[in-house]
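# Tertiary structure, described
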Amino acid sequence: MTTNLKFANVEVGTKLPALSVPIQRLDLIRYAGASGDFNIIHWNERFATSVGLPNVIAHGMFTMASAIRVVTDWVGDPGAVVEYGVRFTRTVPVPDDGVGVLLEISGEVTELLAAGRVRVTLTASSAGQTVLGKAQAVVQLA
Amino acid sequence: MALNPDLIGRTYPPSEPYLVGREKIREFARSIGDENPAYHDVAVAQGLGYADVVAPPTFAFTFVFASAAVVILDPDLGLDYTKVVHGEQSFVYSRPIVAGDELVVINTIENIRAAAGNDMITVKSVVSTTSGEPVVVTTKVIVARGTDAQ
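I will try to describe carefully the structure that is included in this document. Bear in mind that the values here come from a model prediction, so they are computed numbers and not experimental data. (Residues numbered from 1 in each chain as written. Chains lettered and ligands numbered in written order. Predicted model: local features only at pLDDT ≥ 70, side-chain atom pairs only at ≥ 80, totals over all residues. Heavy atoms only, no water.)

### Comments concerning the overall build of chain A
Using the following cut-off: Each helix is a run of DSSP H or I of at least 4 residues and each strand a run of E of at least 2, with the numbering of both proceeding from the N terminus. Only protein chains enter the area calculation, which uses a 1.4 Å probe; residues under 20% of their type maximum are buried, those over 50% are exposed, and those in between are partly exposed. To measure how exposed things are, a 1.4 Å probe is used in the Shrake-Rupley method; for residues, cover is taken only from the protein chains shown. None of His or the chain ends enter the tally, which takes Lys and Arg as positive and Asp and Glu as negative. By convention, the charge on Lys lies at NZ, on Arg at CZ, on Asp at CG and on Glu at CD.
Per the secondary structure count, chain A includes four helices and six strands. By its C-alpha atoms, chain A is 50 × 30 × 25 Å across when sized along the principal axes. The buried share among the 142 residues of chain A stands at 51%. As displayed, chain A has an accessible area near 6,300 Å², and 53% of this comes from carbon and sulfur atoms. In chain A, which carries 11 positive and 12 negative side-chain charges, the distance between the mean positions of the two groups comes to 4 Å.

Dropping the structure here:
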């Protein structure tokens, strides 16, 4: 683990640079292939709506993977993330309209821990509503 | 519809070893649009002290998900997979995963509980190298939607 980000230089309330992730159907298909999760609700609108969903929805794990980018972009070394957890509180519907949706992610240091570690709390929202709950990472700083 | 609570504590046999591929890490990172050079460039990853490219923090879910089929499909559990959604997910790392790691997963049903007409199943997956070095523990909560809640 090698990061230039020093524990001494952050405090509770330090904000991480925010990130906007545009999501289109192609992104979900690419993620399905890369992750091996081919659940039909992530690519077939006919099936998704037949089981009561508003549309095809993004993989929760796609949202989770996107959200932690705020932390890994901040620290540089992805190995600095020693813990990461979320609750999936809302689905992210992705319409096939050539535009898709935006996932907006922000993060803030919410606790200073022992051994140069900090807790970062993430907020992820789409269409004005948060989609993750208790999204937190423990990050090892220098 | 309640699931069988006798299965709390059931541990399944270790998965077949999963060999973490450099190109698989790159493919996964591209699929989330992440250009972090530690995922793509061996020299950069080595400069950070790793043997090869590093996997993104949630990469482990790909092979853990596949290994957990033994739980999801366990006939004793009685889960209807078409009614399952992902409720929670966490990762606690001993060290990052890097290309070349050969990893095995041991899945345990940690809890089964009913809440608001649904069943919540907590599955803990302990990931270690084939030589026994601990790498990451992932925990997921899956929610089996009750027929009365539809």
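### Here we look at the pairing of strand β4 (residues 118–129) of chain B
Residue and element names in this part refer to chain B. Note the threshold: For two strands to count as paired, DSSP must find a minimum of two bridges between them.
Burial analysis of β4 places ten of its twelve residues in the buried class, which makes it a mostly covered element. Relative to β4, strand β3 (residues 102–115) runs antiparallel, the two sharing twelve bridges. Within β4, the position partnered with threonine 108 by the bridge is lysine 124. Connecting β3 to the next strand, β4, in antiparallel fashion are two residues, including alanine 116 with a positive phi near 55 degrees. Relative to strand β5 (residues 134–144), β4 runs antiparallel, the two sharing ten bridges. Within the sheet, the bridge partner assigned to valine 127 lies in β5 and is valine 136. Counted along the chain from β4 to the antiparallel partner β5, the turn is four residues long, and its residue glycine 132 has a positive phi close to 95 degrees.

### With respect to the interface of chain A and chain B
Our working rule: Only heavy atoms enter the contact rule, under which two residues are in contact if any of them lie within 4.5 Å. Put simply, buried area is how much 1.4 Å-probe accessible surface two parts lose in total, over both of them, once they are put together. The salt bridge criterion pairs a side-chain nitrogen of Lys or Arg with a carboxyl oxygen of Asp or Glu, the two atoms within 4 Å. We define a polar contact as two N or O atoms separated by no more than 3.5 Å, with the added condition that, inside protein, one atom must be a possible hydrogen donor and the other a possible acceptor, whereas residues neighbouring each other in sequence contribute only through side-chain atom pairs.
Chain A puts 30 residues into the contact, and the matching count from chain B is 27 residues. Where chain A abuts chain B, roughly 2,500 Å² becomes buried across the two surfaces, and 58% of that area is made up of carbon and sulfur atoms. In terms of surface lost to chain B, no three residues of chain A exceed Ala34(A), Met61(A) and Pro78(A), which account for 21% of the buried area on that side. Inspection of the chain A/chain B interface yields two salt bridges. A salt bridge links Arg69(A) to Asp34(B); the shortest N-O distance between them is 3.8 Å. Joining chain A to chain B, the criterion identifies ten residue pairs in polar contact (both at pLDDT 80 or more). Those elements that place two or more of their residues in the side of chain A that touches chain B are α1 (25–35), α3 (60–67), α4 (69–75) and β2 (81–88) of chain A. The leading source of residues in the side of chain A that touches chain B is β2(A), at eight residues. The pairing of β2(A) with strand β2 (residues 84–93) of chain B spans five bridges and is antiparallel. Paired with Arg87(A) across the strands is Glu88(B), a residue of β2(B).

### Focus on unusual backbone geometry
Non-glycine residue Ala115(A) carries a positive phi angle of around 60 degrees. As for its placement among the helices and strands, Ala115(A) is situated in the loop between β3 (101–112) and β4 (117–126). On the basis of relative accessible area, Ala115(A) is assigned to the exposed category, the value being 65%. Of note in the backbone geometry, Ala116(B) takes a positive phi value of approximately 55 degrees without being a glycine. Within the secondary structure layout, Ala116(B) lies in the loop between β3 and β4. Residue Ala116(B) is classed as exposed on the basis of its relative accessible area, which comes to 76%.

### Focus: the packing of α1(A) against helix α1 (residues 22–31) of chain B
Rules: Only the stretch in contact is used when fitting a helix axis, every axis being a line fitted to C-alpha atoms; angles between N-to-C directions are given from 0 to 180 degrees. Roughly parallel covers angles under 35 degrees, roughly antiparallel covers those over 145, roughly perpendicular covers 65 to 115, and oblique covers all other angles. Crossings are sorted by hand: turned counterclockwise from the far helix by less than a right angle, the near helix makes the crossing left-handed, and turned clockwise it makes it right-handed. Classification used: nonpolar for Ala, Val, Leu, Ile, Met, Phe, Trp, Tyr, Cys and Pro, charged for Asp, Glu, Lys and Arg, polar for all others including Gly.
For the pair α1(A) and α1(B), the least separation of the axes is 9 Å and the interaxial angle reads 155 degrees. When the axes of α1(A) and α1(B) are compared, the pair comes out roughly antiparallel. For the element pair α1(A) and α1(B), the recorded crossing hand is left-handed. Of α1(B), the residues touching α1(A) (which contributes Asp27(A), Arg30(A), Tyr31(A), Gly33(A), Ala34(A) and Ser35(A)) are Lys24(B), Glu27(B), Phe28(B), Arg30(B) and Ser31(B). Residues that form the contact of α1(A) with α1(B) fall into these classes: three nonpolar, three polar and five charged.

### Here's the deal with a nonpolar patch on the surface
Residue and element names in this part refer to chain A. Our working definition: Without a salt bridge and with relative accessible area above 30%, a residue can belong to a patch; like charges are then joined within 9 Å and nonpolar side chains (Val, Leu, Ile, Met, Phe, Trp, Tyr) within 5 Å.
Residues Leu26, Ile29, Phe38, Ile40 and Trp43 make up a contiguous nonpolar surface patch of roughly 500 Å² in combined accessible area. Structurally, leucine 26 can be placed in helix α1. Leucine 26 gets classed as exposed once you look at its relative accessible area, which sits at 53%.

Purely spatial values, then, with no claim about function.
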